[in-house]
Amino acid sequence: MAIVTRFAPSPTGYLHLGGARTALFNYVFAKSQGGKYLLRIEDTDKARSTSDAIHAIHEGLSWLGLEGDAPAVMQSEQEARHREVAATLLENGHAYRCYLSDAQLDTLRQKAKEDGVALRSPWRDPAYHDTSGEQNDDFVIRLRMPDEGDLSISDLVQGKVTVTATQLDDMVLCRSDGSPTYMLAVVVDDHDMGITHIIRGDDHLNNAFRQMVIYQAMGWDIPDFAHIPLIHGQDGAKLSKRHGAVGIESYREDGYLPEAMINYLMRLGWSHGDEELFTMAQAIDWFDIAKVGKAPSRFDVDKLRSVNHHHLREASPDTLAALILDKADAPVSEDATSRLLTLMPLLTERAMTLVELCQGQDYLIYDGTPAMTEDAAALLTDEAKGILAEFADSLPDALDTLDQLKEHLNAFLEARGLKMKHIGLPLRAALTGTKQSPSITDIIVALGVKEVKRRIESICK
Ligand code: GLU
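A brief look at the structure comes next.

What counts and how
- Residues numbered from 1 in each chain as written.
- Predicted model: local features only at pLDDT ≥ 70, side-chain atom pairs only at ≥ 80, totals over all residues.
- Heavy atoms only, no water.
- Helix = DSSP H or I, 4+ residues; strand = E, 2+ residues; numbered from the N terminus.
- Rg over C-alpha atoms; globule rule 2.2 N^0.38 Å.
- Contact = heavy atoms within 4.5 Å.
- Areas by Shrake-Rupley, 256 points an atom, 1.4 Å probe, with all protein chains shown as cover.
- Lys, Arg positive; Asp, Glu negative; His and termini not counted.
- Charge placed at Lys NZ, Arg CZ, Asp CG, Glu CD.
- Salt bridge = Lys/Arg side-chain N within 4 Å of Asp/Glu carboxyl O.
- Buried < 20%, exposed > 50% of the residue type's maximum accessible area, 1.4 Å probe, protein only.
- Near = heavy atom within 4 Å.
- Polar contact = N/O pair within 3.5 Å; in protein donor to acceptor, adjacent residues only side chain to side chain.
- 1 Å grid on protein atoms, 1.4 Å probe; cavity = no way out; pocket = protein on both sides within 12 Å on 5 of 7 lines; lining within 4 Å.
- Sits in = over half its atoms within 2 Å of the grid points.
- Pairing = 2+ DSSP bridges.
- Axes fitted to C-alpha atoms, helices over the stretch in contact; angles between N-to-C directions.
- Points joined across faces, edges and corners; volume = space filled by probe spheres on them.
- Phe/Tyr/Trp six-rings, centres within 6.5 Å; stacked < 30°, edge-to-face > 60°.
- Lys NZ or Arg CZ within 6 Å of the ring centre and 35° of its normal.
- Right-handed = clockwise from strand over helix to strand, strands pointing away.
- Left-handed = near helix turned anticlockwise from the far one by under 90°.
- Nonpolar A, V, L, I, M, F, W, Y, C, P; charged D, E, K, R; others polar.
- Expected span 1.5 Å × (residues − 1).
- Patch = residues over 30% accessible without salt bridge, like charges linked within 9 Å, V, L, I, M, F, W, Y side chains within 5 Å.
- Arc of directions from axis to C-beta.

Next up on the list: the overall build of the chain. Tallying secondary structure elements over the chain gives 21 helices and twelve strands in all. A compact globule built from 461 residues should have a C-alpha radius of gyration of about 23 Å, whereas the chain, at 32 Å, is more than 25% larger. Taking the intrachain contacts of the chain between residues at least 6 apart in sequence as the baseline, contacts between residues at least 24 apart amount to 75%. Total accessible area on the chain stands at roughly 22,000 Å², and carbon and sulfur atoms take up 48% of it. Positive and negative side-chain charges in the chain, numbering 47 and 70 respectively, have mean positions lying 3 Å apart.

Going through the model one piece at a time under the given rule, you end up with 23 salt bridges. In this structure, the salt-bridge partner of R267 is E276, at a minimum N-O distance of 3.0 Å. Put simply, R455 and E451 hold a salt bridge, and the shortest N to O gap is 2.7 Å. You can see R455 and its partner E451 sitting in helix α21 (residues 449-460), four residues apart, about one turn around the helix. Using a relative accessible area of 0% as the deciding quantity, one classes R455 as buried. Residues joined by salt bridges that share partners form a network here, namely R6, R40, E42, D189 and D190.

Here the focus is the site of the ligand. Taken together, the residues surrounding the ligand are R6, A8, P9, S10, E42, Y182, V186, R200 and H204. One nitrogen or oxygen atom from the side chain of E42 is found 2.6 Å from a nitrogen atom belonging to the ligand. Note that an oxygen atom of the ligand is positioned 3.4 Å from one of the side-chain N or O atoms of Y182. Under a 2 Å grid-point criterion requiring more than half of the atoms, the pocket assigned to the ligand is the largest pocket.

In spatial order, the strands read β4-β5-β8; together these three strands make up an open sheet with antiparallel pairing. Lying at the two open borders of the sheet, with one neighbouring strand each, are β4 (95-98) and β8 (172-174). On average, adjacent strands in this sheet sit at an angle of 45 degrees to one another, irrespective of strand direction.

Attention now goes to the layout of surface pockets. Quantified by volume, the largest pocket comes out at close to 1,100 Å³. Residue lining of the largest pocket: 39 residues in total, with S10, H16, G19, D203 and H204 positioned closest to the centre. Within the residue set of the lining of the largest pocket, elements represented by two or more residues are β1 (4-7), α1 (17-32), α6 (182-192) and β9 (197-201). It is α1 that contributes the most residues to the lining of the largest pocket, six residues altogether.

This part covers the packing of aromatic side chains. Following the criterion strictly, the structure yields 14 aromatic pairs and no others. Every member of this aromatic cluster is reached through a ring pair, and the members are F25, F29, W270, F278, W286 and F287. Here the basic side chain of R21 rests over the ring of F25, its NZ or CZ set 5.6 Å away from the ring centre.

With five of its six residues buried, strand β2 (residues 36-41) lies for the most part within the structure. For β1 and β2, the ladder comprises four bridges, and the chain directions are parallel. Residue pairing across strands places T5 opposite Y37, the latter belonging to β2. The pairing of β2 with strand β3 (residues 73-74) spans two bridges and is classified as parallel. If you follow I41 over to β3, its bridge partner there is M74. Taken together, β2, helix α2 (residues 51-64) and β3 form a β-α-β motif whose crossover is right-handed.

Another aspect to go through is the pairing of strand β5 (residues 140-143). Because side chains alternate across β5, one face comprises the buried residues V140 and R142, and the other comprises I141 and L143, equally buried. Strand direction decides the pairing type here: β4 and β5, joined by four bridges, are antiparallel. Each bridged residue has a counterpart across the sheet, and for C98 the counterpart in β5 is V140.

Turning next to the side chain of N207. Along the polypeptide, N207 turns up in helix α7 (residues 205-218). For N207, a relative accessible area of 18% gives the class buried. Filtering out sequence-adjacent residues up to four positions away, N207 remains in contact with Y182, M183 and R200.

Here we take up the packing of helix α18 (residues 402-416) against helix α20 (residues 440-447). Where α18 meets α20, the axes come as close as 10 Å, and the angle between the chain directions of the two elements is 115 degrees. Crossing of α18 over α20 shows right-handed handedness. Note on element contacts: α20 touches α18 through T441, D442, I444 and V445, opposite L402, L405, K406 and L409. For the contact of α18 with α20, a count of residues per class yields five nonpolar, one polar and two charged.

This part covers the side chain of R120. By secondary structure assignment, the location of R120 is in the loop between α4 (102-115) and α5 (126-132). At 2.8 Å, the side chain of R120 forms a polar contact with the backbone oxygen of A165. At 2.8 Å, the side chain of R120 and the backbone oxygen of L168 are in polar contact. Discounting residues that sit within four places of it in the chain, R120 has contacts with L108, M145, P146, D147, A165, T166, L168 and D170.

Since the α-helix packs 3.6 residues into each turn, any two residues three or four apart lie on the same face. Over its 14 residues, α2 extends 20 Å from the first C-alpha to the last, a length consistent with the 20 Å expected when each residue adds 1.5 Å. Among the residues of α2, A53, I54, A56, I57, G60, L61, W63 and L64 are the ones counted as buried. Backbone geometry just downstream of α2 places G65 in the positive-phi region, at approximately 75 degrees.

A cluster of like negative charges, contributed by E59, E249, E253 and D254, occupies part of the molecular surface. Its relative accessible area of 57% is what places E253 among the exposed residues.

With 15 residues, α18 extends 21 Å between its outermost C-alpha atoms, agreeing within 8% with the 21 Å of an ideal straight helix rising 1.5 Å per residue. Listed in full, the buried residues belonging to α18 are L405, H408, L409, F412 and L413. Buried residues of α18, seen end-on, are gathered within an arc of 130 degrees and therefore sit on one face of the element. Residues of α18 that are exposed and point more than 90 degrees away from the buried face comprise D403, E407, E414 and A415.

Set out below in structure tokens:
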């Protein structure tokens, strides 16, 4: 059987971490089985759905590489089909028209609560229709839930879960204005899209039983379900805005790489041995839904940062250099790319995020003396300038390797009876404008002799 999964977000807000992880698990599961992964935007709640949210969902998914294998299905566009299925359910007796007024409903709800059972309308009984007659057009269509027995799901994550049929209320399929409810729409769309596996948050587990009854009433195959535990914050409470939970786009803005987000989100609830750092291809290779845990996972920003650091180290230096240069706000040096590429292993060593990687690289991407911090400027005493000037004079026209430079520097220091501490900090100040930077010898090689001389000369004049 060809596997088809879907991610079905409601566009009532941004794409958050939990949603992104649901999308990812559906994607990885489908790909691990050679199947298809589809996207459906559940925009039936017209009051709460916004085009901004739809846009943010697409942007977020495309950044993560999780757009569907086919254009997204818009649930609101399937409304005629949802109504058609409701009509079929009415015809085959699995649904009924319910004419209860709000006041009657309140009374019945109260009674059902006292009896510890779910709401069942008297209109479910055909005989009630005969005696009460159909009153007006003001009715909703309700699903006739089974009268007795149990309903079980063999959930791929939760295991076998059972409820008693009498716990399920005769839920509304179409409202009094004829509009289909989410519960009906989701089943019809999943069936029509040929979904074989539904992977989603375990807050939907109770819905699965209700939805199952619609599948049975229509004689449709019931998909497999996998309800994954929600993501919690460090304090164990469900992840919320209080924990700083924000749309996926803020992680992008904060300098996280999509491959790091994928890696990190995979580990929220799933594991493969002791593997912590991996690529999407490896996740697809290894994914086993049986290895998704039942306990909620905890979001840990420090871990995300360290996963991001790993992926920065693995990323193509050319791509990273291009990203850094992209942020430049003035014309960059002709040599900027080669300087960045030479130093990239050292730059990524010190950065946890792309934002950090882009910070403080002005001395590499622009020619000329960099802007000086106060403490760097303080290092450039007359004595230090004297040593720097001599060093600049001593440099040959070209020094292509780190070894050549080190040899030259050692000879220079020895000849003058100096130690590295006499020149290291002033050199760093003159060449980078700061007291902190990657190794100064690597910087000299990256900048090249000509630029080093130019910077020292402009400081010493
Ligand atoms: N649209 C629902 C939500 O965003 C998901 C429904 C489902 O996956 O079945 O919570």
